[in-house]
Amino acid sequence: MKAAVRFLRIALLHCLFVLAISPSVHALEASPGLTETRLAQLVELVRELRFQDEVLTSSITTYAYTAETKWLQRYLSAIEHFDTAFVRVTEGYPEIGHITQKKLTQSAETLYQIEADVLKLIEQGETGQAQAMLESIQYLENKALLANTLGSLNKQLEQELIQRSKAQFQAQSIKLTDEERQWIQQNPTVLVGNEPDWPPFFYDDLNGNNQGISIDFLDLIGRKTGLVFTFTEVANYADLQNMLKNGELDLLSAAYYSEERGQYSLHTPAYITLQDYVFVRDDSHFQELDDLSGHTLAIPKGYATIPTLRQTNPAIEIIETDSILTAIEMVLAGDADATMDAQSVVDFYISEHVFSGLRSFPSRLRPNQLRMLINDDKPLLHSILNKAINS
């Protein structure tokens, strides 16, 4: 029964992305002015609002209970960043829709007023009353309204990005050379690494069938080229990388490129761009990646972000785990201070296991581009996939 519920949750999350292809569930208001550049900017602004909202909550709450001025300064700084992003979103992007705009404005204005009253009470020494206001139903309901509206908008934007990527991909045909067509005739089957637990991008259903956004792209490539994709036995991500390195498989369909991986693989253009988020316990003081210096960060073994972090943040102690789920559980148990992965992946596991007590913030590392990695002994397969994705 538990496995069935788990599959249904994964499938539902996947469907949220897949349904974005259909105009009938197009969540944002249609507008020719929402170019790809403006859409990307809106995505970053909404991520900034979600991050600053969490900083505001933790800062003013801690200030109310400690009266330490460093938390007031952090709150005031976050308010400035939040206001800037908020104005840009609500005044510069009518595509988010009137209802969404109304919810954002209503909740934000109410929270501003309550928090202003809280600051006055703290200044007057009435910390008990200040704490009570932060625990009031009105405050908590508006906090939830703001967080839920931003979260919903974030999902809509992700769906829009994927819809546009797939629509562009489906609309164009590809021209293969005689050599490439001959290679397909002689090598019609391509062996793909099977990582079952990275939803909504790649996962296995109850019957062991491969599902996910990356699988959808493989299906589209198959229709355009005639290639047939088969899958290895289930393995963890580090083992799949080793299999690719050793020539035991042809392709990884969902991977980040790195210089190390470039030594044994060829990479396609990106088909999705993802932002990694850091997840920490609610009661921790961490607000940005640099705050983890001298602390522990749990990440699955084989992730491309590990060498990047060791170069950019060498003071962070990295714990390599077997899976992202294990990393999340370590944070909740207090065995690690944080974990990091694409937000949609971690959000799925939080929802699936009904985890509570976690919050997140952007890693501030450069966005990761999801690509396909190909065995470097197969340059013609690389050329074919490049044409398919670029088409």
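Calculation rules
Residues numbered from 1 in each chain as written. Predicted model: local features only at pLDDT ≥ 70, side-chain atom pairs only at ≥ 80, totals over all residues. Heavy atoms only, no water. Helix = DSSP H or I, 4+ residues; strand = E, 2+ residues; numbered from the N terminus. Buried < 20%, exposed > 50% of the residue type's maximum accessible area, 1.4 Å probe, protein only. Contact = heavy atoms within 4.5 Å. Phe/Tyr/Trp six-rings, centres within 6.5 Å; stacked < 30°, edge-to-face > 60°. Polar contact = N/O pair within 3.5 Å; in protein donor to acceptor, adjacent residues only side chain to side chain.

A. How the structure looks around the environment of Ile 272. Note that Ile 272 resides in strand E8 (residues 272–274). C-alpha of Ile 272 to C-alpha of Leu 161: the two residues are 111 residues apart in sequence and 8.1 Å apart in space.

B. Here's a closer look at the environment of Asn 209. Structurally, Asn 209 can be placed in the loop between strand E3 (202–204) and strand E4 (210–211). Asn 209 sits in the partly exposed class, given a relative accessible area of 40%. Distance from Asn 209 to Phe 231, taken between C-alpha atoms, is 9.7 Å for residues 22 residues apart in sequence. Leaving out residues up to four positions away in the same chain, Asn 209 has contacts with Tyr 203 and Asp 204.

C. Spotlight on the packing of aromatic side chains. Counted by the stated rule, this structure contains nine aromatic pairs. Their ring planes at 20 degrees and their centres at 5.7 Å tell us that Phe 82 and Phe 86 sit as a pair that is stacked. Of this pair, Phe 82 and Phe 86 are both found in helix H3 (residues 69–92), four residues apart, which corresponds to roughly one turn of the helix. Just as Phe 82 is buried, Phe 86 falls in that class too. Arranged with centres 4.7 Å apart and planes meeting at 45 degrees, the rings of Phe 217 and Tyr 271 form a pair that is tilted. Note that Phe 217 is positioned in helix H8 (residues 213–225) and Tyr 271 in the loop between strand E7 (265–267) and E8, a separation of 54 residues in sequence. Judged on exposure class, the residue Phe 217 and its partner Tyr 271 are both buried. One aromatic cluster is present, built from ring pairs that chain together Phe 82, Phe 86 and Tyr 112.

D. Spotlight on helix H9 (residues 237–245). Three or more residues of H9 are buried, namely Tyr 237, Ala 238, Leu 240, Gln 241, Met 243 and Leu 244. Its side-chain oxygen at 3.3 Å from the backbone nitrogen of Ala 238, Asn 236 defines the N-terminal cap of H9. One or two positions beyond H9, positive phi appears at Gly 247, with a value near 75 degrees.

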